[in-house]
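The residues making up each chain are set out below.
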Amino acid sequence: QGSLQACCSLRELEAFGRAREVKVDPDKPLEGARLAALQARKTLLVPTPRLRTGLFNRIVPPPGATKEILRRCATSQGPEDYSVPVGLDGKAQVDLVVVGSVAVSEKGWRIGKGEGYADMEYAMMVSMGAVQEDTPVVTIVHDCQVLDIAEELLADHDLTVDYILTPTRTIQTNCKRPKPQGIMWHKASSVTSEMLGKIPILKTLRCREKQAGKDVTLQDELANPSRTAASKEKVLAANPPPRAAPVGNEPVNPKFEGSATITTVYVGNLPGSLRVSELKSALRELQVVPAGLSWQGAQHRAFLTYRDQGSAARAVSSLQGLSLGGNALRVELARSQRGKG
């Protein structure tokens, strides 16, 4: 209630006027903020819901877009019809961050819905260099959501805000509490093994930071050191070494024929509207790019060819449960690969 009126106040912020690239949460109450960014011809980034298929979508209205099309771009349908994906390697440089809140204090302390996605998205933007220490953060709420919040309710990874917009007020918080400086892997309430399984891009970021020498041990791994080893054994057991020769409709790139190490991964339940470029983008994002790809969109499937079993196993693990175009993918070793070796 009153969200449109509050969103209109965004245009009056000096920080909004200076911004060229704006990140706005996909929540319905922030639709007016997304529309304001598009109407001001700013680059609009919208997080992928629950980060299932990536990090952001950059909304790209068609040339000469009418007011009606801009309104549609600002809705939940916008990312599906008018966007391109932005991953960890995207050249995003966010000048203003707009988030939703359940409650916020005039000191700039914020409480979200409890799932931590806004905090995590900000931390990931820090890791990819998309935000700086002085990048303003705005929240848009109803007046009744501005409350006193006890500081002990906040954790180190919680995002604070610099501006609060309500239907009747614009509050500059002058918040002194530091914002997250990246993913805090070891914090119990920050990241869990279960979240890594649900958010492939988070898994990719963890691999990168581990390669860079950062300690990425999770709190639940510290509490259950045997859990990680058991999980790896389960993956290996479910992905035995392959047989070289394909059967049925499983294609093999001719240049790989005769190799005993080729492993084929089946990807099914592809939506009819999905383009091969979108699948390739997801594979690049998850760092599981195959040596060959056979696209069978009419049959709602594709086959990925890998040069070794380990790469194929990583692809199965990373892609399993991934949602593209609203469909949860079915991913497994191709028929000729199962139960062999």
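Anything mentioned here points back to the structure above.
Since this is a predicted model, take the numbers as computed values, not measurements.

*Asks:* Describe in detail the overall build of the protein chain, supporting the description with residues and values.
*Replies:* A tally of helices and strands in the protein chain yields 12 helices and 16 strands. For the protein chain, with 341 residues in total, the buried portion stands at 48%. For the protein chain, contacts bridging at least 24 residues in sequence account for 68% of all contacts bridging at least 6. Carbon together with sulfur atoms contributes 49% to the accessible area of the protein chain, which is approximately 16,900 Å² in total.

*Asks:* How would you sum up the pattern of salt bridges? Please name residues and give values.
*Replies:* With the rule as written, the count across this model stands at 14 salt bridges. With its nearest N and O atoms 3.6 Å apart, the salt bridge here joins Asp119 to Arg110. Take Arg110: its relative accessible area is 7%, and that puts it in the buried class. With its nearest N and O atoms 3.0 Å apart, the salt bridge here joins Arg330 to Glu332.

*Asks:* So what about unusual backbone geometry? Which residues, and what values?
*Replies:* Of note in the backbone geometry, Asn269 takes a positive phi value of approximately 65° without being a glycine. With respect to the secondary-structure elements, Asn269 resides in the loop between strand 11 (263-268) and helix 11 (276-285). Judged by its relative accessible area of 39%, Asn269 falls in the partly exposed class. Non-glycine residue His300 carries a positive phi angle of around 60°. Examined against the element boundaries, His300 turns out to sit in the loop between strand 12 (292-296) and strand 13 (301-306).

*Asks:* Lay out the pairing of strand 8 (residues 137-140) with the relevant residues and their values.
*Replies:* Of the two faces of strand 8, the one holding Val137 and Thr139 and the one holding Val138 and Ile140 are both buried throughout. Direction of pairing for strand 5 (residues 96-99) relative to strand 8: parallel, over a ladder of three bridges. Its bridge partner lying in strand 8, Val98 is registered against Val138. Note: strand 8 against strand 9 (residues 163-165), three bridges, orientation parallel. Looking across to strand 9, one finds that Ile140 is bridged to Leu165.

*Asks:* Now, about the packing of aromatic side chains: what can you tell me, with residues and values included?
*Replies:* By the definition in use, this model includes one aromatic pair. The lysine or arginine in question, Lys42, covers the ring of Phe16, its NZ or CZ lying 4.9 Å from the ring centre.

*Asks:* Please set out helix 6 (residues 117-127) residue by residue, giving values where relevant.
*Replies:* A large share of helix 6 lies buried, amounting to nine of its 11 residues. Turning to helix 6, its buried residues are Tyr117, Ala118, Asp119, Met120, Glu121, Tyr122, Ala123, Met124 and Met125. Where helix 6 terminates, the next one or two residues include Gly129, which has phi positive at roughly 75°.

*Asks:* Please give an account of the sheet that holds strand 11 that cites residues and values.
*Replies:* In space, the four strands of this open sheet follow the order 12-13-11-16, with antiparallel pairing throughout. On the outer flanks of this sheet lie strand 12 and strand 16 (330-333), each paired with one strand and no other. Between one strand axis and the next, the sheet turns through 15° on average, direction left out of account. For strand 11 and strand 16, the ladder comprises four bridges, and the chain directions are antiparallel. The partner of Val267 across the bridge, within strand 16, is Val331.

*Asks:* Which residues make up the sheet that holds strand 2 (residues 43-47), and what values go with them?
*Replies:* Judged by pairing direction, the sheet is mixed, and its eight strands sit side by side in the order 4-3-2-1-5-8-9-10 without closing on themselves. Only two strands of the sheet have a single neighbouring strand rather than two, namely strand 4 (83-86) and strand 10 (170-172). Taken over all neighbouring pairs, the strand axes of this sheet differ in orientation by 25° on average, direction set aside. Most of the contacts of helix 3 (residues 31-39) go to strand 2, to which it runs at about 150°, and overall it touches strand 1 (21-24), strand 2, strand 3 (56-59), strand 5 and strand 8.

Calculation notes
- Residues numbered from 1 in each chain as written.
- Predicted model: local features only at pLDDT ≥ 70, side-chain atom pairs only at ≥ 80, totals over all residues.
- Heavy atoms only, no water.
- Helix = DSSP H or I, 4+ residues; strand = E, 2+ residues; numbered from the N terminus.
- Buried < 20%, exposed > 50% of the residue type's maximum accessible area, 1.4 Å probe, protein only.
- Contact = heavy atoms within 4.5 Å.
- Areas by Shrake-Rupley, 256 points an atom, 1.4 Å probe, with all protein chains shown as cover.
- Salt bridge = Lys/Arg side-chain N within 4 Å of Asp/Glu carboxyl O.
- Pairing = 2+ DSSP bridges.
- Phe/Tyr/Trp six-rings, centres within 6.5 Å; stacked < 30°, edge-to-face > 60°.
- Lys NZ or Arg CZ within 6 Å of the ring centre and 35° of its normal.
- Axes fitted to C-alpha atoms, helices over the stretch in contact; angles between N-to-C directions.

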